[in-house]
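Here is how the chains run, residue by residue.
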Amino acid sequence: MRAGVIGALLLVPLLDSIVLVFVAGQIGWTTTVALIVVTALLGLVLVRAEGRRTMARFRQSVAAGDLPADQLIDGALLLVAGTLLVTPGLVTDALGLLATIPITRRPLRSLLKTRVIVPRLEAETGGFMSGRVYTTGFPVDQRGPEETIDIETPDEDEERNP
């Protein structure tokens, strides 16, 4: 997984610079820079509005006594979206907008839950989070016979007469 993250961190700026050069060649450098600034500003306004909406839903969930897991994930996605929107580039702006818009954020949240959060919590809790834990008796010993330790107690006669 770390190799994928490192690959993405290297690939996104490379892809961003290639797209910037291509778009600048098509519409001109000044228009490209203006487009980057405008998408960043509009995206940040959208992130701010969505952040307020997410915070309101968070408060409602807490007031109702529900676990605000979806709102916390949405908040994290909006934080990443804001970072991507501030980073200059058209690819990062597009990724940031995808993480900002609620219609596209919902599948991202679901994907993040099933692929990252739940497997990590399962590994950390040993199955207690989902209830997939061994509950009856003792689990079968996974060691082989050569690793099994036999403890014998000495007879009472041997203890009295050494």
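Here goes a summary of the coordinates provided. (Residues numbered from 1 in each chain as written. Predicted model: local features only at pLDDT ≥ 70, side-chain atom pairs only at ≥ 80, totals over all residues. Heavy atoms only, no water.)

1. So, the environment of Thr 54
Within the secondary structure, Thr 54 is located in helix 2 (residues 29-64). By relative accessible area, which is 5% here, Thr 54 ends up buried. It is 9.8 Å that separates the C-alpha atoms of Thr 54 and Ile 73, two residues lying 19 residues apart in sequence. Excluding residues within four positions of it along the chain, Thr 54 makes contact with Gln 71, Asp 74, Gly 75, Leu 78 and Arg 105. (Helix = DSSP H or I, 4+ residues; strand = E, 2+ residues; numbered from the N terminus. Buried < 20%, exposed > 50% of the residue type's maximum accessible area, 1.4 Å probe, protein only. Contact = heavy atoms within 4.5 Å.)

2. Quick look at helix 2
Compared with the 52 Å implied by 1.5 Å per residue over 36 residues, the 52 Å span of helix 2 between its first and last C-alpha is a close match. Those residues of helix 2 not exposed but buried are Thr 32, Ile 36, Thr 39, Ala 40, Gly 43, Val 47, Glu 50, Thr 54 and Ser 61. Looking at the buried side of helix 2, the elements it contacts are helix 1 (2-27), helix 3 (69-86), helix 4 (90-100) and helix 5 (102-125). In the stretch just after helix 2, Gly 65 is the one whose phi turns positive, near 85°. (Expected span 1.5 Å × (residues − 1).)

3. Observations concerning helix 4
One turn of an α-helix holds 3.6 residues; hence residues three or four places apart share an orientation. Taken together, the buried positions of helix 4 are occupied by Leu 90, Val 91, Thr 92, Asp 93, Gly 96, Ala 99 and Thr 100. Buried residues belonging to helix 4 abut helix 1, helix 2, helix 3 and helix 5.

4. Remarks on a nonpolar patch on the surface
On the surface, Leu 11, Leu 14 and Ile 18 cluster together into a nonpolar patch covering about 300 Å² of accessible area. Checked against the element boundaries, Ile 18 lands in helix 1. (Patch = residues over 30% accessible without salt bridge, like charges linked within 9 Å, V, L, I, M, F, W, Y side chains within 5 Å. Areas by Shrake-Rupley, 256 points an atom, 1.4 Å probe, with all protein chains shown as cover. Salt bridge = Lys/Arg side-chain N within 4 Å of Asp/Glu carboxyl O.)

5. Side note on the pattern of salt bridges
Counted under the stated rule, the structure contains eight salt bridges. Linking Arg 105 and Glu 50 is a salt bridge whose minimum nitrogen-to-oxygen distance equals 3.2 Å. On the criterion of sequence distance, the pair formed by Arg 105 in helix 5 and Glu 50 in helix 2 is long-range, its members being 55 residues apart. By relative accessible area, which is 1% here, Arg 105 ends up buried. Across the pair Asp 74 and Arg 109 runs a salt bridge, and its minimum N-O distance is 2.9 Å. With Asp 74 in helix 3 and Arg 109 in helix 5, this pair connects stretches of sequence that are 35 residues apart. For Asp 74, a relative accessible area of 0% corresponds to the buried category. Under the relative-accessibility criterion, Arg 109 is labelled buried at 13%. One network of salt bridges, in which partners are shared, links Glu 50, Arg 53, Arg 57, Asp 70, Asp 74, Arg 105, Arg 109 and Lys 113.

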